[in-house]
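Close look at the chain arrangement
Given next are the chains, with one letter for each unit.
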Amino acid sequence: MIKEIKNNILYFDGCNTVELAEKYGTPLYVMSETAIVEKCKEIRDTFLNKYERTRAAYAAKAFLTLSMCRIIEREGLCLDVVSGGELYTAIKANFPAEKIEFNGNNKSIGELELAIDYNIGRIIVDGLDELDIIEGICKKKGKKTNILYRITPGVKSDSHDYIVTGKKDSKFGIPLDDEVIFPAIEKAINSPHINFMGFHFHVGSQLLNNESHLKALGTALKLIKDIIDKYNYVTPELNIGGGFGIKYTDDDDKKSYAYFLDPMMERIEEFSKEMNITRPEIVIEPGRSIVGESGITLYTIGTIKDIKGIRKYVSVDGGMTDNIRPALYQAKYEGIVANKADMAKTDLVTISGKCCESGDILIKDAHIAIAERGDIFAVFSTGAYGYSMASNYNKNPVPATVLVKDGKSEIIVKRQTYDHMIANEVIPESLK
Ligand SMILES: Cc1ncc(COP(=O)(O)O)c(C=O)c1O
Ligand SMILES: N[C@@H](CCCC[NH3+])C(=O)O
C-alpha cells in the first residue's frame, strides 16, 4: 500500500507525511519510488515482455529530474524528450543516447544539433521543414539520423481541449493531405542522411477510453499500407504515443495499460499478417500514467476564511505555482488533512493557493476534517505535470522534491531559494 493511514496520520510509501513536512518544509513534492517502479513493471509485464520488439519511452515532460532519468534507465524504459533542456538533463544523467527520442512541434536548430551530436535514437519530425534542417545538420556532421513523422490522425479524443492533440486543427503533427504527406515521405525515404523509420501519433492526454487510439491506429495502418503500395517501402516502426489516463478523483474510471494496448496490438498483428510484412516495432510514450499517482504534494494550512453562507476558503502555502492544472484545465484533485487523516470529513471547504489570482484554487468543494492553521494538507496524484509546469509567479520558489521508498526519504530536487530566483537578474549601468 503506497498510501496508508496510521494513528491519524497519512503515510506515503512508508513515510510519515507530517514528519516529511517538518523535515523538508512545505510546499513539498513527494514521489514514491515504489509506485513508479510498480508502474514500470506493469508496462514490462503487460507490454514489453508480452510482445516482442516493443519499447516504452517515458514522456519526460510529465516529471523529469536527474534521479528520474536513473530510475527510468534502471527499469528498462527509453526516454521521450521535447526540448533541449530535457535532452540536456538526460545527457547529464548519462542516459543512453540511443534510448532517447526527441518530440516537439518547433525544435530549434540548436536543439536538433544537440540531439544529433549526442547520437540520440530517434527524432520525431513534426513539420515539413524540420527534415531539411536535420538533413543539413547531418550532412555537415557526416551523420545519419533515424526519424519518424508525427502525423495528425484527425481524431478528436475525449479530454480537455488543451490536452487533445490528434485533431486536424492542431499545432502538432503533419496533416495527412495527400499533397502534403506523400512528398514528405518520398523525401525521407530517398535522403542519404535519414533512416526513415515510420510514423508517430499521439492523440491526447488523460484518456480514459481507447476509442481515439484505435481510430488513429486505423489511420496510421492505412498510411503504412499506402507507403508499401506506392513506394514498396515497409516502415519498420510505429509509435502510438501515450495519453493513458490516471485516477485523480473517484469519478475517474482509470483503465489498465492492457485495455489500451492489447486491442491495438491485435489489430497491428492482423494487419501485418494481411500485408505479409514483419510487424513494425511498436513504441509507446507514457508520461502521466507512470508518475501521476506516484506523487503527492504537502502544504501547510495558513489563513482560513469562512464567508458565512457563501464559502470557506482554506489557504495553503503553495498553489498554482506548484500545480497549474486546476487553473489551466479545471483539473480536479482530492486531498486530506494529513495530520487528521482518521477524523470525519465534516467540513466543506475550498482549498486555495497563496498567489494573487482568484483562480488560484487547488480544490473546489472538498470535504475535509475541520482544519486549523499549521495543519498539513496533502493533495493526491500530483506527480505528473506539477513540478514540470511549476513557475515562479509572485516570486514563489519552486518547492523541493523528495523521493520516498519503504519509509526512507531522500531529496532529489532542493527547494529553490530567493537567491536562485534572482540569480540571472542584472541591474544595468543605467539604473545603478
Ligand atoms: C508526443 C507526446 N508523447 C507522449 C505524451 C505523454 O502523454 P501522457 O503524459 O498523457 O502519457 C505527450 C503529452 O501529452 C505527447 O505530446
Ligand atoms: N500538461 C498537460 C498534459 C500535457 C499534454 C502534452 N501534449 C497536463 O497537465 O495534463
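Residues numbered from 1 in each chain as written. Chains lettered and ligands numbered in written order. Predicted model: local features only at pLDDT ≥ 70, side-chain atom pairs only at ≥ 80, totals over all residues. Heavy atoms only, no water.

Note the threshold: UniProt positions are given in the numbering used here, feature names are shortened, and annotations may be inferred rather than shown by experiment.
The chain has the name Diaminopimelate decarboxylase in an unreviewed UniProt entry, where Sedimentibacter hydroxybenzoicus DSM 7310 is given as its organism. Among the UniProt annotations of the chain, the heading Catalytic activity (unreviewed entry) holds the following wording: "meso-2,6-diaminopimelate + H(+) = L-lysine + CO2".

**As for the site of ligand 1**
Worth spelling out the cut-off: Nearness here has a simple test: a residue counts as near a molecule or strand if at least one of its heavy atoms is within 4 Å of that partner. Definition of a polar contact: a pair of N or O atoms within 3.5 Å, with one able to donate and the other able to accept a hydrogen when the atoms are protein atoms, and with sequence-neighbouring residues admitted only if both atoms are side-chain atoms. Areas reported here follow the Shrake-Rupley algorithm with a probe of radius 1.4 Å; residue values treat only the protein chains shown as occluding.
In the vicinity of ligand 1 there are 16 residues, among which His202, Ser205, Glu285, Arg288 and Tyr385 approach most closely. Contact distances for ligand 1 include 2.9 Å between an oxygen atom and a backbone N or O atom of Gly287. For ligand 1, an oxygen atom lies 2.7 Å from a polar atom in the side chain of Tyr385. Notes on ligand 1: free accessible area 390 Å², of which the protein chains cover 93%.

**Concerning the site of ligand 2**
Heads up, the condition is: As defined here, a cavity is a set of points on a 1 Å grid over the protein atoms alone where a 1.4 Å probe fits but cannot get out. A pocket is an open set with protein on both sides within 12 Å along at least five of seven lines, and residues line them when an atom is within 4 Å of a point. To be counted as sitting in a cavity or pocket, a molecule needs more than half of its atoms within 2 Å of that site's grid points. Gly is placed with the polar residues, together with every amino acid not listed as nonpolar (Ala, Val, Leu, Ile, Met, Phe, Trp, Tyr, Cys and Pro) or charged (Asp, Glu, Lys and Arg).
As a matter of local geometry, ligand 2 sits amid Ile163, Thr165, Ser205, Arg288, Arg325, Tyr329, Tyr385 and Met389. A distance of 2.5 Å separates an oxygen atom of ligand 2 from a polar atom in the side chain of Arg325. With respect to ligand 2, the side chain of Tyr329 contributes an N or O atom lying 2.9 Å from a nitrogen atom. When isolated, ligand 2 has an accessible area of 310 Å², and the protein chains bury 86% of it. Comparing atom positions with the cavity grids shows ligand 2 to sit within the second largest pocket. Looking at the shell around ligand 2, its residues break down into 4 nonpolar, 2 polar and 2 charged.

**Observations regarding the UniProt feature "active site" (unreviewed entry) in the chain**
In plain terms, the rule: Working definition: helices are DSSP H or I runs of at least four residues, strands are E runs of at least two. Numbering for both runs from the N terminus.
As annotated in UniProt, the feature "active site" (unreviewed entry) corresponds to Cys356 in the numbering used here. With respect to the secondary-structure elements, Cys356 resides in the loop between β16 (347–352) and β17 (361–368).

**Side note on helix α9 (residues 257–275)**
This is how it is decided: A helix is expected to reach a length of 1.5 Å times the quantity of its residues less one. Buried, partly exposed and exposed residues are distinguished by accessible area as a fraction of the type maximum, computed with a 1.4 Å probe on protein chains only: under 20%, between the cut-offs, and over 50%, respectively. Here the arc refers to the directions that run from the helix axis out to each C-beta atom. In what follows, a contact means two residues having at least one pair of non-hydrogen atoms within 4.5 Å.
Its 19 residues give α9 an end-to-end C-alpha distance of 27 Å, which sits within 8% of 27 Å, the value for a rise of 1.5 Å per residue. The complete set of buried residues in α9 reads Tyr257, Phe260, Leu261, Met264, Met265, Ile268, Phe271, Ser272 and Met275. Down the axis, α9 shows its buried residues gathered within 125° of arc, on one side only. Exposed and oriented more than 90 degrees from the buried face of α9 are Glu266, Lys273 and Glu274. Elements that come into contact with the buried residues of α9 comprise α2 (33–48), β5 (54–59), α8 (211–231), β11 (237–239), β12 (281–284) and α10 (288–291). Two residues or fewer after α9 comes Asn276, characterised by a positive phi angle close to 60°.

**A short note on the UniProt feature "binding site: pyridoxal 5'-phosphate" (unreviewed entry) in the chain**
Per the UniProt annotation, the sites labelled "binding site: pyridoxal 5'-phosphate" (unreviewed entry) are Gly243, Glu285, Pro286, Gly287, Arg288 and Tyr385. As for the lining of the second largest pocket, the annotated residues named previously contribute Gly243, Glu285, Gly287, Arg288 and Tyr385. Looking at where Pro286 falls in the secondary structure, it is placed in the loop between β12 and α10. Residue Pro286 is classed as buried on the basis of its relative accessible area of 0%. With near-sequence residues (within four places) excluded, Pro286 lies in contact with Ile43, Ala57, Tyr58, Ala59, Gly242, Phe244 and Tyr257.

**Side note on the layout of surface pockets**
For the record, the criterion: Grid points are joined across faces, edges and corners, and a volume is the space filled by probe spheres set on the points.
When its volume is computed, the largest pocket comes out at roughly 800 Å³. Contributing to the lining of the largest pocket are 33 residues, with Thr249, Gln330, Ala331, Lys332 and Tyr333 lying nearest its centre. With 7 residues, the top contributor of residues to the lining of the largest pocket is β17. Looking at the lining of the largest pocket residue by residue, the class counts come to 14 nonpolar, 9 polar and 10 charged. In terms of lining residues, the second largest pocket is bounded by 28 residues, among which Lys61, Thr165, Phe172, His202 and Tyr385 are the most central. Of all elements in the fold, only α10 and α11 (325–329) reach the threshold of two or more residues within the lining of the second largest pocket.

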